[in-house]
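Commentary on secondary and tertiary structure
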Amino acid sequence: MLGAWALDVQRDNVPGTILDVGTGSGLIALMLAQRFADAQIDAIDIDPAAVNQAEENFARSPWSNRLRCKQIAFQDLVQTGCQYDVIVSNPPYFVDSLKNPDAQRRVARHTDTLSYEELLSTGAQLLTENGSLSLILPAESETAILAMAESVGLYPTRLVRVYSKPGKPVKRLLIELRKRKGSPCEQSQFYIESESSPRSDEYTALTKEFYL
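Residues numbered from 1 in each chain as written. Predicted model: local features only at pLDDT ≥ 70, side-chain atom pairs only at ≥ 80, totals over all residues. Heavy atoms only, no water.

**Digging into the overall build of the protein**
Convention followed: Each helix corresponds to a stretch of at least 4 residues labelled H or I by DSSP, and each strand to a stretch of at least 2 residues labelled E; elements are numbered beginning at the N terminus. The reference for a compact globule is 2.2 Å times residues^0.38; the radius of gyration itself is calculated from the C-alpha atoms. Exposure is judged per residue with a 1.4 Å probe applied to protein chains only, and the accessible area is read against the type maximum: over 50% gives exposed, under 20% gives buried, and values in between give partly exposed. Per-residue accessibility takes into account occlusion by the displayed protein chains alone, with areas from the Shrake-Rupley method and a 1.4 Å probe. As used throughout, the charge tally considers Lys and Arg to be positive and Asp and Glu to be negative, leaving His and the chain termini uncounted. Here the site of a charge means atom NZ of a Lys, CZ of an Arg, CG of an Asp or CD of a Glu.
A tally of helices and strands in the protein yields seven helices and eight strands. By the compact-globule yardstick of 17 Å for 212 residues, the protein fits well, its C-alpha radius of gyration being 17 Å. Across the 212 residues of the protein, 44% fall into the buried class. When the accessible surface of the protein is split by element, carbon and sulfur atoms take 49% of a total near 11,000 Å². Between the mean site of the 22 positive side-chain charges and the mean site of the 27 negative ones, the protein shows a separation of 2 Å.

What follows is the structure, given as structure tokens:
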């Protein structure tokens, strides 16, 4: 969902530079390469196994000349002087829950190595003036995330509350943040499933370009 949703192509300029934070297998970076034909896309991860997998996937893709992967912490990118028109991240999201005994899965799913505060403050430093930071997060983090974002000069311009199906509680948030204070925030709801199908019409419409 994040790879298909990030940046409103009907409203925004085509990005020149994109960063995928915590890329894992590189899937979101590949989706963005497919969507934006002229963008240079950097993908980073602190897990060397993930970086190796992403590099292999990038090399086998039609967009290998525009995709780069590097093993580096997001916080350390500030020292490189890089800036990006679009930053996306599906960040570690378990803050206080019982931790997985597998170290690799634990790093991927907890905020020990990249807290929400660091994600937002570093994102604010790395964004171009008109850039956007798009995240997918647990629904219960909404109030805290928006407060932390404002404290570092980022403000919501799009917010989607994602439900598994009608009648179920909200599960995830898609949030787009920018440096433009006072811009209206477009809010909407999104259902992954319908009452009669495992994929709603809106989910199919959003993601159809990424399936064979």
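**What to know about the packing of helix α5 (residues 116-126) against helix α6 (residues 142-151)**
Stated precisely, the cut-off is as follows: To get an axis, fit a line to the C-alpha atoms, keeping to the stretch in contact for a helix; angles then go from 0 to 180 degrees between the N-to-C directions. Handedness of a helix crossing follows the sense of rotation of the near helix relative to the far helix, less than a right angle counterclockwise being left-handed and clockwise being right-handed. What makes two residues a contact is simply this: any of their non-hydrogen atoms within 4.5 Å. In this count, Pro and Cys sit with the nonpolar residues alongside Ala, Val, Leu, Ile, Met, Phe, Trp and Tyr, while Asp, Glu, Lys and Arg are called charged and the others, Gly among them, polar.
Between α5 and α6, whose axes approach to 9 Å, the crossing angle comes to 40°. You can see that α5 and α6 cross each other, and the crossing is right-handed. Of the residues in α6, those touching α5 at Tyr116, Glu117 and Leu120 are Ile145, Met148 and Ala149. Of the residues that constitute the contact of α5 with α6, the class distribution is five nonpolar, no polar and one charged.

**Examining the pattern of salt bridges**
Put simply, the rule reads: Any carboxyl oxygen of Asp or Glu within 4 Å of a side-chain nitrogen of Lys or Arg constitutes a salt bridge here.
Counted under the stated rule, the structure contains six salt bridges. Residue Glu56 is joined to Arg60 by a salt bridge in which the shortest nitrogen-to-oxygen separation is 3.1 Å. The exposure class assigned to Glu56 is partly exposed, which follows from its relative accessible area of 42%. With a shortest N-O distance of 3.2 Å, Arg158 and Glu176 are connected by a salt bridge. Separated by 18 residues along the polypeptide, Arg158 in strand β6 (residues 155-163) and Glu176 in strand β7 (residues 170-178) bring together distant segments of the chain. A single burial state applies to Arg158 and to Glu176, both of which are buried.

**Some thoughts on the sheet that holds β6**
Selection criterion: One requirement defines pairing of two strands: DSSP has to find at least two bridges between them.
Taken together, eight strands build an open sheet; the order of strands is β3-β2-β1-β4-β5-β7-β6-β8 and the sheet is mixed. The open sheet has two free edges, formed respectively by β3 (67-71) and β8 (186-191), since each of these has just one partner strand. Taken over all neighbouring pairs, the strand axes of this sheet differ in orientation by 15° on average, direction set aside. Relative to β7, strand β5 (residues 127-138) runs antiparallel, the two sharing six bridges. For Leu133, the partnering residue across the bridge sits in β7 and is Leu177. α5 contacts β1 (17-21), β4 (84-89), β5 and β7 of the sheet and is inclined by roughly 160° relative to β5. Against the sheet, α6 makes contact with β5, β6 and β7, and its axis sits at roughly 165° relative to β6, the strand it touches most.

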